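What follows is each chain in one-letter form.
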Amino acid sequence: YFRWLLAHVNDDPDYLRKPFPIHEDQNKRAAIAAYEEHNRMVRETIPPDRLLEFDVNEGWEPLCKFLDISECPRNVPFPKANKALGKKAESIATILCSVAFVSTVTFTLIAVLFRLLSGKTVVQWFLYQASSEKSMILRTARRRREKWS
């Protein structure tokens, strides 16, 4: 989604193929123009009584009034989590979570297939190989010792 959004906002389909991080060289004027155009289209489409143009610096009051909430939080600061660094961290986390998920599924499928074909789990096979190599090393050392004796 983030790639598509940058490609759309910057009117540049190359953002769909750029390596990560993709947002550092975006066209600031094009991004602002796309943002303003989007806001204009929203204002034309949504009836004024159903649209809240909200500035987070105004706090809870306008939001509670618009949503018709009588118990508006008074002593709770309004959250401000839309920082640039937070967005970078969010995009990195999205990529890492995707990689972790795909890796887990791939390893699981390989392990299941391995067990079906060999009759052993990957750990059992590894332990067997390690003990076989240890036995081979011990046999080789014993032969060398016997040869030199």
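Just so you know, these numbers come straight off a predicted model, no measurement behind them.

### Describing the confidence of the model for the chain
Should pLDDT be low for a region, the predicted coordinates there are not to be read in detail. Overall, the prediction assigns the chain a mean pLDDT of 82, with 90% of residues at 70 or greater. Within the chain, the lowest mean pLDDT, 73, falls on helix H1 (residues 2-9), and the highest, 90, falls on helix H3 (residues 60-66).

### Things to note about the packing of aromatic side chains
Aromatic rings considered in pairs are described by the distance between their centres and by the relative angle of their planes. Here the structure, examined in full by the defined rule, presents three aromatic pairs. Look at Trp 60 and Phe 78: their rings are 4.7 Å apart centre to centre, the planes differ by 65°, and that puts the pair in the edge-to-face class. Within this pair, whereas Trp 60 is found in helix H3, its partner Phe 78 is found in the loop between H3 and helix H4 (84-118), the two being separated by 18 residues in sequence. Accessibility expressed as a relative area gives 18% for Phe 78, which makes it buried.

### Here we look at the pattern of salt bridges
All chains considered together, the criterion is met by four salt bridges. Of the charged contacts in the structure, one is a salt bridge between Arg 40 and Glu 37, with a shortest N-O distance of 2.3 Å. Placement of the pair is Arg 40 and Glu 37 together in helix H2 (residues 28-45), with a separation of three residues, close to one helical turn. Owing to a relative accessible area of 33%, Glu 37 belongs among the partly exposed residues under this scheme. Put simply, Glu 53 and Arg 43 hold a salt bridge, and the shortest N to O gap is 2.7 Å.

### Points about a positive patch on the surface
Together, Arg 139, Arg 142, Arg 143 and Arg 145 give the surface a local cluster of positive charge. Along the chain, Arg 143 turns up in helix H5 (residues 122-148).

### Some words on a nonpolar patch on the surface
A surface patch of nonpolar side chains, amounting to about 400 Å² of accessible area, comprises Phe 101, Val 102, Val 105 and Leu 109. Mapped onto the elements, Leu 109 comes out in helix H4.

### Notes on the environment of Arg 115
In this structure, Arg 115 sits in helix H4. For Arg 115, a relative accessible area of 47% translates into the label partly exposed. In this structure the C-alpha to C-alpha distance between Arg 115 and Trp 125, which are 10 residues apart in sequence, comes to 9.4 Å. Setting aside anything within four residues of it in sequence, one finds Arg 115 in contact with Lys 120 and Thr 121.

So, how was this worked out
Residues numbered from 1 in each chain as written. Predicted model: local features only at pLDDT ≥ 70, side-chain atom pairs only at ≥ 80, totals over all residues. Heavy atoms only, no water. pLDDT = per-residue confidence, 0-100. Helix = DSSP H or I, 4+ residues; strand = E, 2+ residues; numbered from the N terminus. Phe/Tyr/Trp six-rings, centres within 6.5 Å; stacked < 30°, edge-to-face > 60°. Buried < 20%, exposed > 50% of the residue type's maximum accessible area, 1.4 Å probe, protein only. Salt bridge = Lys/Arg side-chain N within 4 Å of Asp/Glu carboxyl O. Patch = residues over 30% accessible without salt bridge, like charges linked within 9 Å, V, L, I, M, F, W, Y side chains within 5 Å. Areas by Shrake-Rupley, 256 points an atom, 1.4 Å probe, with all protein chains shown as cover. Lys, Arg positive; Asp, Glu negative; His and termini not counted. Charge placed at Lys NZ, Arg CZ, Asp CG, Glu CD. Contact = heavy atoms within 4.5 Å.

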